[in-house]
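For reference, the chains in residue letters:
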Amino acid sequence: METNHQENIGPVLEQFQIEEKEKRRIKRDVVGILICSGDGKFLLGKHHSQLSYGDCFWMIMGGGVEGGESKEEAARREAFEETGVDISQCDLLKIDDTKTGESEKTLSTGERVVCEMRFFDFKVDLSQSSQEIALNPEEREYSEMKWFDTKEISGLVLTPPTRLLFEQLNII
């Protein structure tokens, strides 16, 4: 007896499509922090688990804003957690707050949701040269971190948001 595999798979596909449509949507503010050294270099990292882009792309530091935290506080916290650089006493310049995006995420509960994100990019200028700044991250989110001068930036494989940011700043 011949089995029609299309008939057996139809209900599975329908259920999958229903599950995709019913995913809960959440909103999340995300900060990016462009860290600039006194000798004009920019700190970038390659993320271990940047699923959207892969680990071959360079990006600025950043992460999600936590409850009760201002965007500036989040940028300072993320900079310290991800690099070990304390920018708590430094001035932050807001570069952009117009970008949005969405991505599927898995919450700690295992629930898969669609995350609607709004991005807030900041820049901080440090007085020390890149050689004087010790990088000692609390969290090991990046497989590699490195300082780059403006000539090197244009030759890097950057995440699309990081490339756009450098274009907006006329760096590339």
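Everything quoted here is computed from the prediction, not taken from an experiment.

The rules we used
- Residues numbered from 1 in each chain as written.
- Predicted model: local features only at pLDDT ≥ 70, side-chain atom pairs only at ≥ 80, totals over all residues.
- Heavy atoms only, no water.
- Helix = DSSP H or I, 4+ residues; strand = E, 2+ residues; numbered from the N terminus.
- Buried < 20%, exposed > 50% of the residue type's maximum accessible area, 1.4 Å probe, protein only.
- Contact = heavy atoms within 4.5 Å.
- Areas by Shrake-Rupley, 256 points an atom, 1.4 Å probe, with all protein chains shown as cover.
- Pairing = 2+ DSSP bridges.
- Phe/Tyr/Trp six-rings, centres within 6.5 Å; stacked < 30°, edge-to-face > 60°.
- Salt bridge = Lys/Arg side-chain N within 4 Å of Asp/Glu carboxyl O.

Colleague: Which parts of the structure should I look at to understand the overall build of the protein chain?
Modeller: In terms of regular secondary structure, the protein chain is built from four helices and eight strands. Helices (α) and strands (β) of the protein chain occur, in sequence order from the N terminus, as α-β-β-β-β-α-β-β-β-β-α-α. Looking at the 172 residues of the protein chain, the share that counts as buried comes to 37%. For the protein chain, the share of sequence-separated contacts (at least 6 apart) that also reach a separation of at least 24 residues comes to 69%. As displayed, the protein chain offers around 10600 Å² of accessible surface, 47% of which is attributable to carbon and sulfur atoms.

Colleague: What is the right way to look at unusual backbone geometry in this model?
Modeller: Backbone geometry follows two general trends: most residues other than glycine have a negative phi, and most peptide bonds adopt the trans configuration. In this structure, Asn170 takes a positive phi of about 60° despite not being glycine. With respect to the helices, strands and loops of the structure, Asn170 is situated in the segment after helix H4 (160-168).

Colleague: Whenever I open this one, the pairing of strand S7 (residues 112-125) confuses me. Can you help?
Modeller: On any regular strand, side chains alternate: one points to one face of the sheet, the next to the other face. Taken together, the twelve bridges between strand S1 (residues 25-36) and S7 define a ladder with parallel strand orientation. The residue bridging Arg25 from the neighbouring strand is Val114, located in S7. Relative to S7, strand S5 (residues 93-96) runs antiparallel, the two sharing three bridges. Looking at S7, one finds that Lys94 is bridged to Phe122. Sheet analysis places strand S6 (residues 100-106) next to S7, joined by seven bridges and oriented antiparallel. Opposite Ser103, over in S7, you have Cys115 as the bridge partner. Taking the residues between adjacent antiparallel strands as the criterion, S6 and S7 are bridged by five residues, where Gly110 takes a positive phi near 95°.

Colleague: Where do I start with the packing of aromatic side chains in this structure?
Modeller: The description of an aromatic ring pair uses the distance of the two centres, along with the angle that the planes make with each other. In this structure the tally under the stated criterion is two aromatic pairs. With a centroid separation of 5.5 Å and an interplanar angle of 75°, the aromatic rings of Phe42 and Phe166 are classed as edge-to-face. Of this pair, Phe42 sits in strand S2 (residues 42-47) while Phe166 sits in helix H4, and the two are 124 residues apart along the sequence. Overall, the relative accessible area of 7% leaves Phe42 in the buried class. For Phe166, a relative accessible area of 0% translates into the label buried.

Colleague: Any chance you could explain the pattern of salt bridges here in plain terms?
Modeller: Working definition: two side chains of opposite charge can pair if their charged atoms are close together. Throughout the structure, instances matching the rule amount to 16 salt bridges. Residue Glu104 pairs with Arg112 through a salt bridge whose shortest N-O separation is 2.3 Å. Three or more residues joined by partner-sharing salt bridges are found here, namely Glu66, Glu69, Arg77, Glu78 and Glu81.

Colleague: Can you walk me through the side chain of Ser37 in this structure?
Modeller: Turning to its location among the elements, Ser37 is positioned in the loop between S1 and S2. Discounting residues that sit within four places of it in the chain, Ser37 has contacts with Leu126, Gln128, Ser129, Ser130, Ile133 and Trp147.

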